[in-house]
Amino acid sequence: FQYALNMSFSNSHQQIARKERRAYMWSGELPPRNYSHPVFSCKIFVGGVPWDVTEDALLEAFNPYGRCKVEWPGNEARFGRTGQNRGTITRGKVTGYVYMIFDHEHSVRQLLRDCSQEFGSAGEWYFRLKAKRNNTIETRQVQIIPWVVSDASYVEDPGDRLDAKKTVFVGALHGMITAHVLFSIMNELYGKVVFVGIDTDKYKYPIGSGRVTFSSHSSYFRAIECAFLEIKTSKFSKRVQIDPFLEESECMVCHQAVGPYFCRDRGCFRYHCSACWQRRHPPGSLNAAHRYLTRNTPRNNRDSIEAVNPASSGVSDTPSGSRSVFMPLSWVLPLSL
């Protein structure tokens, strides 16, 4: 009897563990993207470029499709590329990718006609880039990831009411994840989703973040309690960040001060000012392990809180410590909210 009891407990524990793993990970294949009359962003991602490629070489390769410019990722944009130094690149970090921005959308269409595409592709094309390197012409196959403007939002039933209190922030999205794909993943793992929006820049190209609105609070909290989600496909593996969609700033304890610290623990789940956070999360208490989120708060403003939570450096998977999240103040849900 004791053996059977132990086996039953072990099986139950394994089932719970498997359920938790499913909640933290999704694996599968992205569906093929087929469109009848797609409208593309005039900005494209170009991956697999040589680390020492010059701006002149890129412009020479892509200018036949229309006037364009290069957008270097991260800090590379600060390096001078005008005048005599335009073709010289001194980069502190090897990225292997750039963005090309065309003046017109039809240039992207023309470029894609000269690209190869794998059967059943989920949205990537391949282009033979010819560039001069060391006085020779080198051909390199690079990956092109365009973006269809309509892929930035998805709603299954336009009649569903959107609630900001059931909306989560999703960050670190891969450029091949459309709103429909994210809808399917979140709907499968956490429960019914009513709306997905992918944030885009002025060129209507995704910036790697978005928001997901659920139909119930149970699905909403299930997603938040995961904090991170591993998305694995044959094309890429990406660790996606999930956080509450922050929209208020008043301290919900004293109601007298600005509360930039949001406690993501379900027991609190509210904003705090610095003083109220320290009172409600003293060292050694049950609340001391709670994590907080901040809205674009300078690091020197978080020092007093981090003294309370020593494990708060960086982004962590562990339950303890604090975490800062990029939350653009310009975010808005649809007007039907």
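The name recorded for the chain in an unreviewed UniProt entry is Cytoplasmic polyadenylation element-binding protein 3, from Pristionchus mayeri.

A. Representation of the pairing of strand E9 (residues 193-200). Counting buried residues in E9 gives seven out of eight residues, a clear majority hidden from the surface. Sheet topology note: the strand E7 (residues 153-154)/E9 ladder contains two bridges and is antiparallel. What sits directly across from Ser 153, in E9, is Gly 197.

B. Representation of the nonpolar core within the structure. If you look at the biggest cluster of nonpolar residues, it comprises 41 residues, and the most contacted ones within it are Val 168, Leu 182, Met 186, Tyr 190, Val 212, Phe 214 and Leu 229. Those elements that place two or more of their residues in this core are strand E8 (167-171), helix H4 (179-190), E9, strand E10 (206-214), helix H5 (217-226), strand E11 (228-232) and strand E12 (237-244). When residues in this core are grouped by element, the largest group, eight residues, is from H4. Apart from the residues lying within four places of it in its own chain, the contact partners of Met 186 are Val 168, Val 170, Gly 191, Val 193, Val 212, Phe 214, Leu 229 and Ile 242.

C. Fine view of unusual backbone geometry. Positioned with a positive phi, Ala 172 is a non-glycine residue whose angle comes to about 65 degrees. Mapped onto the elements of the fold, Ala 172 is located in the loop between E8 and H4. The phi torsion at Lys 204 lies on the positive side, around 65 degrees, for a residue other than glycine. Mapped onto the elements of the fold, Lys 204 is located in the loop between E9 and E10. Judged by its relative accessible area of 48%, Lys 204 falls in the partly exposed class.

D. Quick peek at the pattern of salt bridges. Scanning the entire structure with this criterion turns up nine salt bridges. Here Arg 140 and Glu 138 are joined by a salt bridge, their closest N and O atoms 3.6 Å apart. With relative accessibility at 30%, the residue Arg 140 sits in the partly exposed group. Between Glu 230 and Arg 239 there is a salt bridge, with its nearest N and O atoms 3.5 Å apart. Residue Glu 230 is classed as partly exposed on the basis of its relative accessible area of 25%.

E. Molecular detail of the side chain of Gln 241. Checked against the element boundaries, Gln 241 lands in strand E12. A distance of 2.5 Å separates the side chain of Gln 241 from the side chain of Asp 243, its partner in a polar contact.

Cut-offs applied
Residues numbered from 1 in each chain as written. Predicted model: local features only at pLDDT ≥ 70, side-chain atom pairs only at ≥ 80, totals over all residues. Heavy atoms only, no water. Buried < 20%, exposed > 50% of the residue type's maximum accessible area, 1.4 Å probe, protein only. Helix = DSSP H or I, 4+ residues; strand = E, 2+ residues; numbered from the N terminus. Pairing = 2+ DSSP bridges. Core = buried A, V, L, I, M, F, W, Y, C linked by side-chain atoms within 4.5 Å. Contact = heavy atoms within 4.5 Å. Salt bridge = Lys/Arg side-chain N within 4 Å of Asp/Glu carboxyl O. Polar contact = N/O pair within 3.5 Å; in protein donor to acceptor, adjacent residues only side chain to side chain.

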